[in-house]
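Letter by letter, the chains look like this.
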Amino acid sequence: MAGPAPGRRLVALALIVALAAGLPAAGAGQAPRPAERGPPVRLFTEEELARYGGEEEDQPIYMAVKGVVFDVTSGKEFYGRGAPYNALTGKDSTRGVAKMSLDPADLTYDTTGLTAEELESLDDVFTRVYKAKYPIVGYTARRILNEDGSPNLDFKPEDQPHFDIKDEF
C-alpha cells in the first residue's frame with residue numbers, strides 16, 4: 001500500500017492544526033500544563049511504522065493502537081527484539097490488543113467482528129496502559145484520513161498529560 005500523496009498529508013496536517021485551535025485551554029485559575037518535549041507528532045504510513053518494530057538496537061520502538069502511535073521504547077523488555085510482545089510493534093495492533101492475542105492474523109487495525117467485551121477491553125487497555133504509560137508520537141494515516149484520502153473530520157487528538165499538539169507544529 002502506498003502512503004498518502006504529499007497533498008493529502010498537507011490536508012491532514014491542516015486538519016490537525018485546525019482541530020488543535022479548538023482544544024480547550026486551561027480553566028480559570030489553572031496554569032497551562034507544560035508539555036514534555038518528545039519526538040514531534042507525525043503521520044505514519046504502514047511502511048513507515050514498520051521501521052520501528054524493535055529490530056534495530058538504536059531505533060525507538062513504536063506500535064499503534066486505535067490508530068495512535070505510541071513510543072514503547074521504555075518498555076523494551078516487553079516490546080524489544082525477542083521480547084514477549086515484540087509481535088505487536090511496528091504496526092497497528094488494535095485487534096491483537098482487543099483480543100489479547102499475538103496470533104499474526106490478529107495483528108491488524110481491523111476491529112470488524114470484535115465482541116462488545118473485546119471492544120471494552122480494547123478501550124480499557126488503550127486508556128490504562130498505552131495512554132497512561134507511553135508518549136504519543138503520531139497517528140496512522142488510517143486514523144487521520146478516510147479510505148479515499150479525504151480528511152477524517154471525526155479525528156480528535158488524544159489528551160495526554162505530556163502531549164500538547166499546539167507545541168508540535
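Per an unreviewed UniProt entry, the protein chain goes by the name Neudesin and belongs to Muntiacus reevesi. Per its UniProt entry, the protein chain bears the Sequence similarities (unreviewed entry) comment "Belongs to the cytochrome b5 family. MAPR subfamily." Quoted verbatim from the Subunit (unreviewed entry) heading of the UniProt record, the comment on the protein chain is "Interacts with PINK1 and PARK7."

Caption draft 1: Inspection of the nonpolar core at higher detail. Counting residues in each nonpolar core, the largest one holds 25 residues, and the members touching the most others are Met63, Val65, Phe70, Val72, Tyr79 and Tyr130. Listing elements by their share of this core, those giving two or more residues are strand 2 (62–65), strand 3 (68–71), helix 4 (94–99), helix 5 (116–133), strand 4 (136–140) and helix 6 (141–144). One finds Tyr52, Ala64, Val69 and Val137 within the second-largest nonpolar core, a separate group that totals 7 residues.

Caption draft 2: Quick peek at the pattern of salt bridges. Taken as a whole and assessed by the stated rule, the structure comprises 9 salt bridges. Across the pair Lys76 and Glu57 runs a salt bridge whose closest N-O atoms are separated by 3.3 Å. Placement of Lys76 in helix 3 (residues 76–79) and of Glu57 in the loop between helix 2 (46–50) and strand 2 is noted, with a sequence separation of 19 residues between them. In this structure, the salt-bridge partner of Asp106 is Lys99, at a minimum N-O distance of 3.7 Å. Residue Asp106 is classed as buried on the basis of its relative accessible area, which comes to 10%. The class of Lys99 is partly exposed, set by a relative accessible area of 33%.

Caption draft 3: Quick look at a nonpolar patch on the surface. Taken together, the side chains of Phe78, Tyr85 and Leu102 define a hydrophobic patch exposed on the protein surface, amounting to about 270 Å² of accessible area. Looking at the element boundaries, Leu102 is found in the loop between helix 4 and helix 5.

Caption draft 4: Up close: the sheet that holds strand 2. Read from one edge of the open sheet, 4 strands run 1-4-3-2, paired in mixed fashion. Among the strands making up the open sheet, the edge pair consists of strand 1 (42–44) and strand 2. This sheet shows a mean twist of 35 degrees between the axes of neighbouring strands, independent of strand direction.

Caption draft 5: View of helix 5. For helix 5, which comprises 18 residues, the first-to-last C-alpha distance of 25 Å matches the rise-based estimate of 26 Å (1.5 Å per residue) to within 8%. A bend of about 35 degrees at Phe126 is the largest found in helix 5. Residues of helix 5 that are buried in the fold lie against strand 2, strand 3, helix 3 and helix 4.

Caption draft 6: The arrangement of the confidence of the model for the protein chain in detail. Residues at a pLDDT of 70 or more form 70% of the protein chain, whose mean pLDDT is 78. Confidence drops under pLDDT 50 across residues 1–35; counting only partners more than four residues distant or on other chains, this segment forms 46 contacts.

Caption draft 7: Up close: the pairing of strand 4. Of all 5 residues in strand 4, 5 are buried, a share of seventy percent or more. Summarising the sheet, strand 1 and strand 4 pair through 3 bridges and their orientation is parallel. In the sheet register, Phe44 faces strand 4, and the bridge partner there is Thr140. Bridging between strand 3 and strand 4 involves 3 bridges; their strand directions are antiparallel. Within the sheet, the bridge partner assigned to Phe70 lies in strand 4 and is Ile136.

Caption draft 8: Spotlight on the packing of aromatic side chains. Counting across every chain of the model gives 10 aromatic pairs. Note on Phe44 and Tyr52: the rings are 6.2 Å apart at their centroids and 90 degrees apart in plane angle, and the pair reads as edge-to-face. The same class applies to Phe44 as to Tyr52, namely buried. With a centroid separation of 6.2 Å and an interplanar angle of 45 degrees, the aromatic rings of Tyr79 and Tyr85 are classed as tilted. Overall, the relative accessible area of 5% leaves Tyr79 in the buried class. Over the ring of Phe44 we find Arg42, and its NZ or CZ is 4.1 Å from the ring centre. Positioned over the ring face of Phe126 is Lys66, at 4.5 Å from the centre of the ring.

The rules behind the values
Residues numbered from 1 in each chain as written. Predicted model: local features only at pLDDT ≥ 70, side-chain atom pairs only at ≥ 80, totals over all residues. Heavy atoms only, no water. UniProt positions renumbered as here; feature names shortened; annotations may be inferred. Core = buried A, V, L, I, M, F, W, Y, C linked by side-chain atoms within 4.5 Å. Buried < 20%, exposed > 50% of the residue type's maximum accessible area, 1.4 Å probe, protein only. Helix = DSSP H or I, 4+ residues; strand = E, 2+ residues; numbered from the N terminus. Salt bridge = Lys/Arg side-chain N within 4 Å of Asp/Glu carboxyl O. Patch = residues over 30% accessible without salt bridge, like charges linked within 9 Å, V, L, I, M, F, W, Y side chains within 5 Å. Areas by Shrake-Rupley, 256 points an atom, 1.4 Å probe, with all protein chains shown as cover. Pairing = 2+ DSSP bridges. Axes fitted to C-alpha atoms, helices over the stretch in contact; angles between N-to-C directions. Expected span 1.5 Å × (residues − 1). Bend = angle between axes of the 7 residues up to and from the residue. Contact = heavy atoms within 4.5 Å. pLDDT = per-residue confidence, 0-100. Phe/Tyr/Trp six-rings, centres within 6.5 Å; stacked < 30°, edge-to-face > 60°. Lys NZ or Arg CZ within 6 Å of the ring centre and 35° of its normal.

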